Amino acid sequence: MNTPAFQCVFRMGGSSFNRLWPSVTPDKTTATHVADGRDASPFLAITMRTYRNFIDGRFVESQSDSFADVDNPATSAVIARVTLASQDDALSAVEAASRAQRKWRALTAIERGEHLRRFADAIVERAPQIGAALALESGKSVADSENEARYAADITRYHAEWARRIEGEVIPSDTPNENLVLHREPIGVVACLIPFNYPVYTLLRKIAPALITGNTVVVRPSNNTPASAFEIAEAALQAGLPAGVFNVLAMDHATAGTVCTHPAVGMIALTGSVSAGRIVLEYCKTNIAKPSLELGGKAPAIIEPDADLEAAASAIVASKTTHCGQLCTAMERVYVHASVHDHFVELLRTKMHAVRSGDRSQDPSKMGPLVSRSAQRNIHAMVERAVAEGATIATGGVLPEGPGYFYPATLLVNCRHDMEIVREEIFGPVLPVISYDTLDDALAMANDHQYGLSSVLYTENYRTAMRVANEIEAGELYVNRTPADPYQGFHAGWKRSGLGGDDGKHGMLEFTQTRLVIMKY
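Residues numbered from 1 in each chain as written. Predicted model: local features only at pLDDT ≥ 70, side-chain atom pairs only at ≥ 80, totals over all residues. Heavy atoms only, no water.

Draft legend 1. Looking closely at the sheet that holds strand 11 (residues 169-171). The antiparallel open sheet is built from three strands, whose spatial order is 11-12-28. Both outer strands of the open sheet, strand 11 and strand 28 (512-520), are each paired with one neighbouring strand and no more. In this sheet, neighbouring strand axes are inclined to one another by 25 degrees on average, regardless of whether the strands run parallel or antiparallel. Relative to strand 28, strand 12 (residues 178-186) runs antiparallel, the two being bridged by nine bridges. Bridged to His183 within strand 28 is Arg515. (Pairing = 2+ DSSP bridges. Helix = DSSP H or I, 4+ residues; strand = E, 2+ residues; numbered from the N terminus. Axes fitted to C-alpha atoms, helices over the stretch in contact; angles between N-to-C directions.)

Set out below in structure tokens:
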């Protein structure tokens, strides 16, 4: 163990339990933090901790004296801080990854797969610690946070199974007595930029295929949710992952640019906004690095008159209120056939009105908070502009007072396709509804958009399902269910929703490049 372990005691709902946080060091200036007496969460007494960056197989003292606070979005209380990497730290991490990659790629794929299996086992073993950190920094329930860690272990095992399936091709040649052999090779060092909404799962979703194919990684977690990434680094230590193969640094934007434009970085993998994607493309221009971008989404749901309306309404509300609507594939606009519009709107209104917000560490049945105060204010401003443009609030739409970054489940009706609330990603629990007369109308509106990540259709007519499957302009169509990103599929967006994709065989191959060998005999 590279840093001294120490115990932190959390008081949950009147009871206490101990958690071990070996990857952190006590903040010498702050022993206990309860934000202005407002912290009503069950984490009533939280020992401040500072996380250090993980470079070349160890937690290091940074050459920087800059820190970022990490708060609990359910309470506004600061619960941790991270050391922001210096420029020299960033260079050290990339150089360590580059050195390690030469040895890592020389291992057989099955040896790399065995390392990933041990890594997955360590993640499961440390799921309580990872989950505790994630719950505090994200506002999720402890159970959901631990389950996210276990699901991340599942996708790690899935990619470990590709060890014997990273295959090239033998291609017929036009020249006699000649073979064409296409090899699949690693790219080198991959910079992985991780979002705040599912930071544990997305981290492994990126690095597991990168590692199995022989690359090494430098990870920048979101500064909103970095603590869980450092807990995963502890799992990497526990699993004996070779030094330098996996590096995690908290950074500001300038230092992230240093990592992404380093000559050793051959690929940048991002899940984030369109604006972040544009920045990454600028980074890629420096070294002609390969981009893999999962960007914004504005998932349309088309509700046909023959649909199971009750099931559709329940599923859409669940999609829109899970993690306070902070999912790239959450329903962002609903097109309802005119013949069932009023009934379906009432179903949505009733179900959304019943959703209550609150600290999910106290009551997991409630909807949790948004990531930040600015996200809360921005979403409310979008709702106000929608109303000014003619939309009607059926439920919600009120900016809450008090600590935490909550926003109510909000349903908007009388919307038009040209409104900002329909055209731009909300990333919160706000759902605009539009009526349509024919399937042609619904498809035209669903496709008339800058985004094309996920889409949803509710119908019992197989002809309708086949037509939409052939005509929807999106990387995914879910029929009679809401998106869930099966990790053996391929999660890839059209239009401004991204370049490349995650998951499955095709997501794994994103992390490879080819070499064609032309051999006369």
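Draft legend 2. Broad picture of the packing of helix 13 (residues 439-447) against helix 14 (residues 462-471). Closest axis-to-axis distance for the helix 13/helix 14 pair is 11 Å, and the angle between their directions is 30 degrees. Here helix 13 is positioned roughly parallel relative to helix 14, judged by the angle of their axes. Both helix 13 and helix 14 take part in a crossing whose hand is right-handed. Of the residues in helix 14, those touching helix 13 at Leu439, Asp440, Leu443 and Asn447 are Thr464, Arg467, Val468 and Glu471. (Parallel < 35°, antiparallel > 145°, perpendicular 65-115°, else oblique. Left-handed = near helix turned anticlockwise from the far one by under 90°. Contact = heavy atoms within 4.5 Å.)

Draft legend 3. Seen up close, the pattern of salt bridges. What the rule picks out here adds up to 28 salt bridges. For Glu185, the salt bridge goes to Arg105, with nearest N and O atoms at 3.1 Å. Separated by 80 residues along the polypeptide, Glu185 in strand 12 and Arg105 in helix 1 (residues 87-106) bring together distant segments of the chain. Linking Arg150 and Glu146 is a salt bridge whose minimum nitrogen-to-oxygen distance equals 3.4 Å. Highlighted residues: Arg150 and Glu146, both in helix 4 (residues 142-160), separated by four residues, approximately one helical turn. By relative accessible area, which is 32% here, Arg150 ends up partly exposed. Within the structure, one salt-bridge network assembled from shared partners comprises Arg205, Glu294, Asp485 and Asp503. (Salt bridge = Lys/Arg side-chain N within 4 Å of Asp/Glu carboxyl O. Buried < 20%, exposed > 50% of the residue type's maximum accessible area, 1.4 Å probe, protein only.)

Draft legend 4. Examining the packing of aromatic side chains more closely. Enumeration according to the criterion identifies nine aromatic pairs in this entry. Arranged with centres 5.8 Å apart and planes meeting at 50 degrees, the rings of Phe119 and Phe246 form a pair that is tilted. Remark: Phe246 occurs in strand 15 (residues 246-248) and Phe119 occurs in helix 2 (residues 109-125); sequence separation between them is 127 residues. Phe246 carries the same exposure label as Phe119, and that label is buried. With a centroid separation of 5.5 Å and 45 degrees between ring planes, the pair formed by Tyr151 and Tyr487 is classed as tilted. (Phe/Tyr/Trp six-rings, centres within 6.5 Å; stacked < 30°, edge-to-face > 60°.)

Draft legend 5. Representation of helix 13 in the model. Considered for burial, the residues of helix 13 that qualify are Leu439, Ala442, Leu443, Met445, Ala446 and Asn447. Where helix 13 is buried, its residues touch strand 18 (299-303), strand 19 (331-337), strand 22 (430-436), helix 14 and strand 26 (494-495).

Draft legend 6. Quick look at the packing of helix 1 against helix 7 (residues 253-260). Contact geometry for helix 1 and helix 7: axes closest at 9 Å, N-to-C directions at 30 degrees. Here helix 7 runs roughly parallel to helix 1, going by the angle between their axes. Judged by the twist between their axes, the crossing of helix 1 over helix 7 is right-handed. Of helix 7, the residues touching helix 1 (which contributes Gln87, Ala90, Leu91 and Val94) are Ala254, Thr255, Thr258 and Val259. Residues that form the contact of helix 1 with helix 7 fall into these classes: five nonpolar, three polar and no charged. (Nonpolar A, V, L, I, M, F, W, Y, C, P; charged D, E, K, R; others polar.)

Draft legend 7. Geometry of the state of the cysteines. Considering all chains together, one arrives at zero disulfides under this definition. The thiol of Cys192 is not disulfide-bonded; the next cysteine sulfur, from Cys260, is found 9.6 Å away. With no disulfide partner, Cys284 has as its closest neighbouring cysteine sulfur the one in Cys260, 7.7 Å distant. (Disulfide = S-S within 2.5 Å.)

Draft legend 8. Structural context of the environment of Asn177. When you line up the elements, Asn177 lands in the loop between strand 11 and strand 12. Residue classification places Asn177 among the partly exposed residues on the basis of a relative accessible area of 44%. Taking the C-alpha atoms as reference points, Asn177 and Val280, separated by 103 residues in sequence, lie 45 Å from one another. Apart from the residues lying within four places of it in its own chain, the contact partners of Asn177 are Met519, Lys520 and Tyr521.

Draft legend 9. Expanded view of the nonpolar core. Ile303, Ile316, Val334, Phe344, Leu348 and Ile421 are the most contacted members of the largest nonpolar core, which has 64 residues in total. At six residues, helix 9 (residues 309-321) tops the list of elements feeding residues into this core. Sequence-distant contacts of Phe344, that is, excluding residues within four places in its chain, are made with Ile303, Leu309, Ala312, Ala313, Ile316, Val334 and Val336. Ranked by size, the runner-up nonpolar core spans 63 residues in total, among them Ile155, Val190, Phe246 and Met508. (Core = buried A, V, L, I, M, F, W, Y, C linked by side-chain atoms within 4.5 Å.)

Draft legend 10. A look at the pairing of strand 13 (residues 189-193). Across the five residues that make up strand 13, a large majority, five, are buried. Covered by surrounding structure in strand 13 are Val189, Ala191 and Leu193 together with Val190 and Cys192, the residues of both alternating faces. For strand 13 and strand 14 (residues 216-220), the ladder comprises five bridges, and the chain directions are parallel. In the strand pairing of strand 14, Val189 is matched with Thr216. At this point the chain moves from strand 13, through helix 5 (residues 199-212), to the parallel strand 14, and the crossover so formed is right-handed. The sheet contact formed by strand 13 and strand 16 (residues 265-271) spans five bridges and is parallel. Residue pairing across strands places Cys192 opposite Ala269, the latter belonging to strand 16. (Right-handed = clockwise from strand over helix to strand, strands pointing away.)

Draft legend 11. Geometry of the sheet that holds strand 25 (residues 478-479). If you trace the seven strands from one edge of the open sheet to the other, you get 20-21-22-19-18-24-25, paired in mixed fashion. Of all the strands in the sheet, the pair left with one neighbour each is strand 20 (392-395) and strand 25. On top of the sheet, helix 9 reaches strand 18, strand 19, strand 22 and strand 24 (456-458); it is set at about 160 degrees to strand 19, its chief contact.

Draft legend 12. Structural view of the environment of Tyr158. The residue Tyr158 is located in helix 4 in this model. Measuring from C-alpha to C-alpha, the distance between Tyr158 and Asn197 comes to 22 Å, with 39 residues separating the pair along the chain. Excluding anything up to four places from it in sequence, Tyr158 contacts Tyr487, Gln488, Gly504 and Lys505.

Draft legend 13. Representation of the pairing of strand 9 (residues 67-71) in the model. Burial along strand 9 is one-sided: the residues Ala68 and Val70 are buried and none of Phe67, Asp69 and Asp71 is. Pairing geometry for strand 9 and strand 10 (residues 78-83), over five bridges, is antiparallel. Paired with Asp71 across the strands is Val78, a residue of strand 10. Here strand 9 folds back onto strand 10 in antiparallel fashion, the turn holding six residues, of which Ser76 has a positive phi close to 70 degrees.

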